[in-house]
Amino acid sequence: MSKLVTIYGGSGFVGRYIARRMAGEGWRVRVAVRRPNEAMFVKPYGVVGQVEPVLCNIRDDASVAQAMQGADVVVNCVGVLNELGKNEFPAVQAEGAERIARLAAAQGVSRMVHLSSIGADAEAESEYSRTKAQGESGVLQHMPGAVILRPSIIFGTEDQFFNRFASMARMGPFLPLVGAETQFQPVYVDDVAQAAVKGVLGQAAAGVYELGGPEVKTFRTLMQQMLEVIHRRRIILGVPLFAAKIMAGVLDIVKFVSFQLFPNNILTRDQLKSLRHDNVVSDGALSFKELGIEPTTLASVLPEYLWKFRPSGQYDDIQNSANNLRT
């Protein structure tokens, strides 16, 4: 019988790519998610019955243990960018990660791959980054041979980074940015998935890997590149820190007084703390090089999914060519 991997958060942005690759490797894939009915799209990644979504609440021991029953390897892709309801940073990124590792060790699971993020630091100002570090510590406490992946900003068809700002660029002549000079090292989602698969297959040594693409660019430069791809001219406005603090504070207060009826999906005070620090691979860190993976460039991928934000969508290049012929 083929081996089984349980992927917590396996229908999410990164998880779905790992699930597809593991199905291609011939493994049975159990996709553990809160809403299995919304994860049915993963089933065609393999043959009938090879990829199966199952119900799991990462905050509950019994649920997590049931989802990994009989698994040879577990992968944790669960994380939150913005707290909502009971899905708070400590509960998901610290306690949830530790819970998976603890139960995996108890069940005799051979290996674990854990998705963290660059900037994970127990002393970080941002709670997001602190809880990421706490999650890593909890994983290593119970599964010392785990492979931990720390990606920079991840890009790809379903990303919440370039898609979000490309959508904003359609609305007016200005594109406001908080932390415009902060540096990022965007990494392609399928490269991260490939790294995770190497961890699952035992082709990566235990340790913490920082994953960044081949280019380091400021937030401003990334947005300029995006604007070129979507064929739009916008004035990029760097929002001063004091103004960003006021905006984030007001939005967080609205979320609180409305009992989260109006969630803050724009800018939180915690996100502002993270934006004050560069998001790049550290000198001397284990990276794609040690995994034998050549990271993908932005230029080779962005046009594949940002075309829909062009003035004429998929026909924009054709229309521009026609206009050039007329002149």
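For the structure, see preceding data.
Everything quoted here is computed from the prediction, not taken from an experiment.

K.L.:
Tell me what's going on with the side chain of Gln50, and back it up with residues and numbers.
P.N.:
Its location among the elements puts Gln50 in the loop between β2 (28-33) and β3 (51-55). Judged by its relative accessible area of 12%, Gln50 is buried. When sequence neighbours within four positions are dropped, the list of residues in contact with Gln50 reads Ala23, Gly26, Trp27, Arg28 and Val29.

K.L.:
Could you give me a rundown of the nonpolar core, with the residues and numbers involved?
P.N.:
Residues Ile18, Phe162, Met223, Met226 and Leu306 are the most contacted members of the largest nonpolar core, which totals 69 residues. Looking at which element gives the most residues to this core, the answer is helix α6 (residues 189-200), with 7 residues. Counting residues in hydrophobic clusters, the runner-up holds 21 residues, among them Tyr8, Ala67, Ala101 and Val139.

K.L.:
Outline the sheet that holds strand β1 (residues 4-8), listing residues and values.
P.N.:
What the 7 strands build is an open sheet, ordered β3-β2-β1-β4-β5-β6-β11; its pairing is parallel. Whereas interior strands pair on both sides, the edge strands pair on one side only; in this sheet they are β3 and β11 (207-211). Averaged over neighbouring strand pairs, the angle between their axes works out to 20 degrees when direction is ignored. Across 5 bridges, β1 lies against β2 in parallel orientation. Bridge pairing in β2 places Leu4 opposite Arg28. Sitting on the sheet, helix α4 (residues 127-142) touches β5 (111-115) and β6 (147-151), and the angle it makes with β5 is about 175 degrees. Together, β1, β4 (73-76), β5, β6 and β11 form the strand contacts of α6, whose direction differs from that of β5 by roughly 160 degrees.

Here is what the cut-offs are and how they apply
Residues numbered from 1 in each chain as written. Predicted model: local features only at pLDDT ≥ 70, side-chain atom pairs only at ≥ 80, totals over all residues. Heavy atoms only, no water. Helix = DSSP H or I, 4+ residues; strand = E, 2+ residues; numbered from the N terminus. Buried < 20%, exposed > 50% of the residue type's maximum accessible area, 1.4 Å probe, protein only. Contact = heavy atoms within 4.5 Å. Core = buried A, V, L, I, M, F, W, Y, C linked by side-chain atoms within 4.5 Å. Pairing = 2+ DSSP bridges. Axes fitted to C-alpha atoms, helices over the stretch in contact; angles between N-to-C directions.

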